[in-house]
Amino acid sequence: ARREDGAHTRDVALKLPHPWVGSQVVLERFRRERRILSTLQHPHIAQVLDAGDSGGQPWLPLEYVEGRTILEHASALQLSVPERLRLFLPVLRAVQHAHAQLVIHRDIKPANVLVDGNGSVKLLDFGVAKLLGDEASDTALTREGGPALTPQYASPEQLGGRPLGVASDVYALGVLLYELLTGRPPYQLPRGS
């Protein structure tokens, strides 16, 4: 989207919950994402620019990151192993910052790590993030809306529906780093598994 109100003109990534889903679970996850992102101020995390509600439709404009996934970027530039490791360091710093704010991302994967045209790395999409110590609301959301995860990058405790801690993000970081360094995931999950 483009903000053009006279004071600002800039492209933004406008996030809206799907109206056809319209359930309380989706709206609560969206509200939780807004709350969580407002606590995360880091150069390698896409920033919240505003938040609001228009006629019952909540909206969230985020920093627009025009780029490609970390895997696509590394492949296109044919980065060496040391260059790939240096590219991965900002991802680690962003996740470390989130963990210091007691936030678990829970969906670290290539599509959520973009590299812009200047080579700046941004961690995106805290839509399924969890606040440590907020097990009660998280359990209710998971029970009503189902677990939100990407199986290929999910930790064993996520897949098993067990309580999560920062180790779950560390596991996903390991899977992402393996794929960044080797060009393939560490394993293939059987379809429907």
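Residues numbered from 1 in each chain as written. Predicted model: local features only at pLDDT ≥ 70, side-chain atom pairs only at ≥ 80, totals over all residues. Heavy atoms only, no water.

**What to know about the packing of helix H3 (residues 81-100) against helix H6 (residues 166-182)**
Between H3 and H6, the least distance of the axes is 11 Å, while the angle of their chain directions is 165°. What the angle tells us is that H3 and H6 run roughly antiparallel. For the pair H3 and H6, the sense of crossing is right-handed. Facing Val81, Arg84, Leu85, Phe88, Val91, Leu92, Val95 and His99 of H3, the residues of H6 in contact are Val166, Asp169, Leu173, Leu176, Leu177, Leu180 and Leu181. (Axes fitted to C-alpha atoms, helices over the stretch in contact; angles between N-to-C directions. Helix = DSSP H or I, 4+ residues; strand = E, 2+ residues; numbered from the N terminus. Parallel < 35°, antiparallel > 145°, perpendicular 65-115°, else oblique. Left-handed = near helix turned anticlockwise from the far one by under 90°. Contact = heavy atoms within 4.5 Å.)

**Observations concerning a nonpolar patch on the surface**
The grouping of Val81, Leu85 and Leu181 at the surface amounts to a nonpolar patch, some 220 Å² of accessible area in total. Relative to the helices and strands, Leu85 resides in helix H3. (Patch = residues over 30% accessible without salt bridge, like charges linked within 9 Å, V, L, I, M, F, W, Y side chains within 5 Å. Areas by Shrake-Rupley, 256 points an atom, 1.4 Å probe, with all protein chains shown as cover. Salt bridge = Lys/Arg side-chain N within 4 Å of Asp/Glu carboxyl O.)

**Description of the pairing of strand E7 (residues 113-116)**
Alternating residues of E7 divide into Val113 and Val115 and Leu114 and Asp116, and every residue in both groups is buried. Taken together, the three bridges between strand E5 (residues 67-69) and E7 define a ladder with antiparallel strand orientation. In the strand pairing of E7, Gly67 is matched with Asp116. Where E7 lies against strand E8 (residues 121-123), three bridges are found, and the strand directions are antiparallel. Considered in E8, the bridge of Val113 is made with Leu123. In this antiparallel pair of consecutive strands, E7 and E8, the connection spans four residues, and Gly119 shows a positive phi of 85°. (Buried < 20%, exposed > 50% of the residue type's maximum accessible area, 1.4 Å probe, protein only. Pairing = 2+ DSSP bridges.)

**Concerning the nonpolar core**
Counting residues in hydrophobic clusters, the biggest one holds 29 residues, and the most contacted among them are Leu40, Ile70 and Phe126. For this core, the secondary structure elements donating two or more residues are helix H1 (24-38), strand E4 (57-63), helix H2 (70-76), H3, E7, E8 and H6. Ranked by residue count, the leading element in this core is H3, at six residues. (Core = buried A, V, L, I, M, F, W, Y, C linked by side-chain atoms within 4.5 Å.)

**A look at unusual backbone geometry**
In this structure, Arg106 is a non-glycine residue whose phi angle is positive, near 70°. Looking at where Arg106 falls in the secondary structure, it is placed in the loop between strand E6 (103-104) and E7. Positive phi outside glycine occurs at Asp125, with the angle close to 55°. When its relative accessible area of 33% is taken as the criterion, Asp125 is described as partly exposed.

**Some words on H6**
Helical geometry note: an α-helix holds 3.6 residues per turn, so side chains three or four residues apart project in the same direction. Spanning 17 residues, H6 covers 25 Å between terminal C-alpha atoms, matching the ideal 24 Å at 1.5 Å per step. If you check which residues of H6 are buried, you get Ser168, Asp169, Ala172, Leu173, Val175, Leu176, Glu179 and Leu180. All buried residues of H6 project into a common sector of 160° when viewed along the axis, lining one side. Check the buried side of H6 and you find it contacts H2, H3, E6, E7 and helix H5 (156-159). (Expected span 1.5 Å × (residues − 1). Arc of directions from axis to C-beta.)

**Here's the deal with the confidence of the model for the protein chain**
Close inspection of predicted coordinates is inappropriate in any region flagged by low pLDDT. Scored by pLDDT, the protein chain comes out at a mean of 85, with 88% of its residues at no less than 70. The model gives residues 139-145 a pLDDT under 50, and that stretch makes 10 contacts with residues more than four places away or in other chains. (pLDDT = per-residue confidence, 0-100.)

**Let's talk about the sheet that holds E4**
Spatially, the four strands line up as an open sheet ordered E1-E2-E4-E3, and their pairing is antiparallel. Looking at the sheet topology across the chains shown, the edges are occupied by strand E1 (2-4) and strand E3 (52-54). Shown here is a sheet whose adjacent strand axes are inclined to one another by a mean of 50°, direction ignored. Note that E1 and strand E2 (residues 9-15) share three bridges and pair antiparallel. Paired with Arg2 across the bridge in E2 is Asp11.

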